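Inside the fold
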Amino acid sequence: MVGESQGGVAMLRRSGGGGGGGGGDPSPPEIEHYLPSTVMATILSKLDVRSLVTAAAACRSLRACASHTLSFLPSVHLLEIAPTLDLLRPLLPPNPYLRSLRLDCSRLDDSSIGYLARPSLHEICLLNCENISGRLLAELGNKCRDIRTLSVNSLAERRGISICFSDLEELLNGCSQLESLSLAVDASSFDDTKFGQAWASASQRLSSLEIGYIPISMLVKLLSITAESQHSLGRTIPPFFPSLQKLCLSVDYITDQLVSSISKALPALTHLDLQDAPIIEPISSSDLTNAGLQQINPRGKLKHISLVRSQEFLFTYFRRVNDLGILLMADTCSKLESISLGGFSRVTDTGLRAIIHSCSSLRKLRVSHGSQLTDLVFHDISATSLSLTHVSLRWCNLLTNHGILGLSCNKDLNVLDLRDCRKVGDVALRALSCLPKLQVLLLDNMDITNIGLSYLGSGKCPLVSLSLRGCRRLTDDGITLLLGGSTRLSLQVLDISKLPNLTDNGILRLARSRIPIVELRIRECAHIGDTSVMALASMQVEGGSHGSSLHLLDLYDCGGITPLSFRWFKKPYFPRLRWLGVTGSLNRDMVDALARSRPFLHMACRGEELGAVYWDSSLGWYRHEIEEDEVDELEQWLLEGEYRSDDDYDMER
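Scoring rules and cut-offs
Residues numbered from 1 in each chain as written. Predicted model: local features only at pLDDT ≥ 70, side-chain atom pairs only at ≥ 80, totals over all residues. Heavy atoms only, no water. Salt bridge = Lys/Arg side-chain N within 4 Å of Asp/Glu carboxyl O. Helix = DSSP H or I, 4+ residues; strand = E, 2+ residues; numbered from the N terminus. Buried < 20%, exposed > 50% of the residue type's maximum accessible area, 1.4 Å probe, protein only. Contact = heavy atoms within 4.5 Å. UniProt positions renumbered as here; feature names shortened; annotations may be inferred. Axes fitted to C-alpha atoms, helices over the stretch in contact; angles between N-to-C directions. Parallel < 35°, antiparallel > 145°, perpendicular 65-115°, else oblique. Left-handed = near helix turned anticlockwise from the far one by under 90°. Nonpolar A, V, L, I, M, F, W, Y, C, P; charged D, E, K, R; others polar. Patch = residues over 30% accessible without salt bridge, like charges linked within 9 Å, V, L, I, M, F, W, Y side chains within 5 Å. Areas by Shrake-Rupley, 256 points an atom, 1.4 Å probe, with all protein chains shown as cover. Lys, Arg positive; Asp, Glu negative; His and termini not counted. Charge placed at Lys NZ, Arg CZ, Asp CG, Glu CD. Phe/Tyr/Trp six-rings, centres within 6.5 Å; stacked < 30°, edge-to-face > 60°. Lys NZ or Arg CZ within 6 Å of the ring centre and 35° of its normal. Pairing = 2+ DSSP bridges. 1 Å grid on protein atoms, 1.4 Å probe; cavity = no way out; pocket = protein on both sides within 12 Å on 5 of 7 lines; lining within 4 Å. Points joined across faces, edges and corners; volume = space filled by probe spheres on them.

Take the pattern of salt bridges next. According to the stated counting rule, one finds 22 salt bridges in the structure shown. In this structure, the salt-bridge partner of Arg523 is Asp554, at a minimum N-O distance of 2.7 Å. One end of the pair, Arg523, is in the loop between β17 (519–521) and α20 (530–538); the other, Asp554, is in strand β18 (residues 552–554), with 31 residues separating them in the sequence. The exposure classification of Arg523 matches that of Asp554, with both residues buried. Here the residues in one salt-bridge network are Arg469, Asp495, Arg523, Glu524, Asp554 and Glu609, joined through shared partners.

Pasting the structure below:
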């Protein structure tokens, strides 16, 4: 911490302050007197950006050394704040040793492209690039020849900002060492007669490809050319994607033709993740059937399969797939380690049991909208060799306590999602509370009471993340029971939104418990008001500053919140806060003033969800990493430190 760094420097100064003649005490020697600059540089070179900033705030000498260290730092990762270009410049000086760059680009535009496209980079992850045009891809292709991993999110989404096929073409032509490419963009922007042929120049080492959305017409053409290249006798066409193992796509429709084309064109695949979101009900020729499922893994190499039909635009399912299709797929999927099935409304216990009993290596199981699944799915799971670690059963409305009791025999269970399983209640929680490795538990809209929370509070599971959103029978007493046992030692993420009986008293009890909550969601609670905000602002954890542990606080549409609460969001309160959800109409002027005073605070005023707690992907569900970095020092240094004069340090001395 900054205070610790300053204290250490002061100690060094005091230990050297004995020499000197009359006429007053001499100025304390600089830190170099005790620690040579070369040694300091070696130590600082082992730190990340945030730790460097903490050291830089201690004294002038450390600041100069930290600034120099940025010129040969191997990685710069800044995903917790969104810097402007002016604030980014001092953090990205010319640096031939920079290999990894991860940034939140929501406050950057095309003027920053020159700082982002560094020839030395091997890994680039850029989030929220809506204000940056497709020229970014072209510049990366021209300058970043050695890049191995590239992930770009929301590129050119802002209206009026362009992205075109030539940008993609230059990227593929230039990045010949690319191994992983993730473009969370609408690929229809790349629609061109040469789209398929352009991938011939893609890196032969490309093993992972993810595209946010691609029209099925473009995809089928690409797969057709890829299949031709794989079977070209005279090799007149170079093979496309010879090393591709992981494919993640969102399309218009998942069809038999698409599945067949993928199987033929990409024989080395081990990970397949497909999602569609139909806008009209699919006809037979543009839908997935039992015959298509039979073709999904002809070589038996797939270890991870995800097939999800989203209800984003239309309430629809895979109506032409039943248990027979799942049985046919299970015959070739014995090596599966994870499977995600969403929208298979005609699949019953028979089909899912075939997967469970055929795949001895299965670790992750996700089923959503399983409207015909019952407790029989897990009836004899204890007789299998399965050791499930991640299970999601959202919207499986026929499951009851009995089925969850059977599932609880998996003692390695780490993540469990039972959201919207409305027939599961307190009896199931009693069994789950005994799981020694359970860290993430999602119970939204379930029929649980305070008694169920008492089981969790006194149980053995080391819960890190718990969601109780919409569990309408819970009251303030439930919060006390939950935090009365060992759970308070591990809990960091808590969602108690949409609880009609939750009041300020419940939040006061939470604040008194002094647990190190990092993310707290209490949105749409009519009885939560200013008292809760004051309690959280005054909350101290292990002697830290006020409200020190909270990174995210969502108070959207809480009925008792008034403009008075906004006083408590000013510093020194909530120093680590990075996401805040409020009702924008509460007082627009105060909201805008707060945004100006805390420019690195992400404010949501229209009801949008904050943060990224649940990542619903079959390949890595619920990645939620809690970092204990000193981001407050980073914000302070970015805003003030660069313009801090030597006189400022002299005054401190």
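Quick look at helix α11 (residues 256–265) now. With respect to burial, α11 is a largely interior element, eight of its ten residues being buried. Of the positions making up α11, those classed as buried are Asp256, Leu258, Val259, Ser260, Ser261, Ile262, Ser263 and Ala265. Buried-residue contacts for α11 involve α10 (216–230), β7 (246–251), β8 (271–276) and α12 (290–294).

A word on the UniProt feature "domain: F-box" (unreviewed entry) in the protein chain. In this structure's numbering, the residues bearing the UniProt feature "domain: F-box" (unreviewed entry) are residues 35–69. Strand forms 0% of residues 35–69 and helix 74%; the C-alpha atoms that close the span are 16 Å apart.

Inspection of α20 places Asp530, Ser532, Val533, Ala535, Leu536 and Ala537 among the buried residues, and these make up the whole buried set. Those residues of α20 that are buried are in contact with α19 (504–513), β17 and β18.

For the pair helix α2 (residues 37–44) and helix α4 (residues 60–69), interaxial distance at closest approach is 10 Å and the crossing angle is 55 degrees. As the angle between them shows, α2 and α4 are arranged oblique. As for the relative orientation of α2 and α4, their crossing is right-handed in sense. Along its contact with α2, which presents Ser37, Met40, Ala41 and Leu44, the element α4 presents Leu62, Cys65, Ala66 and Thr69. Classifying every residue of the contact of α2 with α4 by side-chain character gives six nonpolar, two polar and no charged.

With that settled, consider a positive patch on the surface. Among the surface-exposed residues, Arg299, Lys301, Lys303 and Lys335 lie close enough to one another that they form a single positively charged patch. Mapped onto the fold, Arg299 is located in the loop between α12 and β9 (304–309).

Taken together, the side chains of Ile279, Ile280 and Phe313 define a hydrophobic patch exposed on the protein surface, amounting to about 340 Å² of accessible area. Relative to the assigned elements, Ile279 resides in the loop between β8 and α12.

What follows covers the packing of aromatic side chains. Within the structure shown, the criterion is met by eight aromatic pairs. Ring centres of Trp568 and Tyr573 lie 5.0 Å apart, and the angle between their planes is 55 degrees; on these two criteria the pair is classed as tilted. The lysine or arginine in question, Arg107, covers the ring of Phe600, its NZ or CZ lying 5.6 Å from the ring centre.

Our next topic: the pairing of strand β1 (residues 75–78). Only one face of β1 is buried, namely the one carrying Val76 and Leu78, since none of Ser75 and His77 on the opposite face is buried. Looking at chain direction, β1 and strand β2 (residues 100–104) are connected through four bridges and run parallel. Across the sheet, residue Leu78 finds its bridge partner in β2, namely Leu103.

Counting across every chain of the model gives ten cavities of 30 Å³ or more. In this structure, the largest cavity occupies an estimated 100 Å³ of space. Lining the largest cavity, in full, are Ile262, Ser263, Leu266, Pro267, Leu269, Leu272, Ile296, Asn297, Pro298, Arg299, Lys301 and Leu302. Grouping the amino acids of the lining of the largest cavity by side-chain chemistry returns eight nonpolar, two polar and two charged.

Cis rather than trans, the peptide bond between Lys571 and Pro572 has omega equal to 20 degrees. On the secondary structure map, Pro572 appears in the loop between β18 and β19 (579–581). At Ser154, a residue that is not glycine, the phi angle is positive and equals roughly 60 degrees. Note on placement: Ser154 falls in the loop between β4 (149–153) and α8 (165–174). For Ser154, a relative accessible area of 12% corresponds to the buried category. One non-glycine residue, Arg514, adopts positive backbone phi at about 60 degrees. Exposure remark for Arg514: the relative accessible area of 44% places this residue in the partly exposed category.

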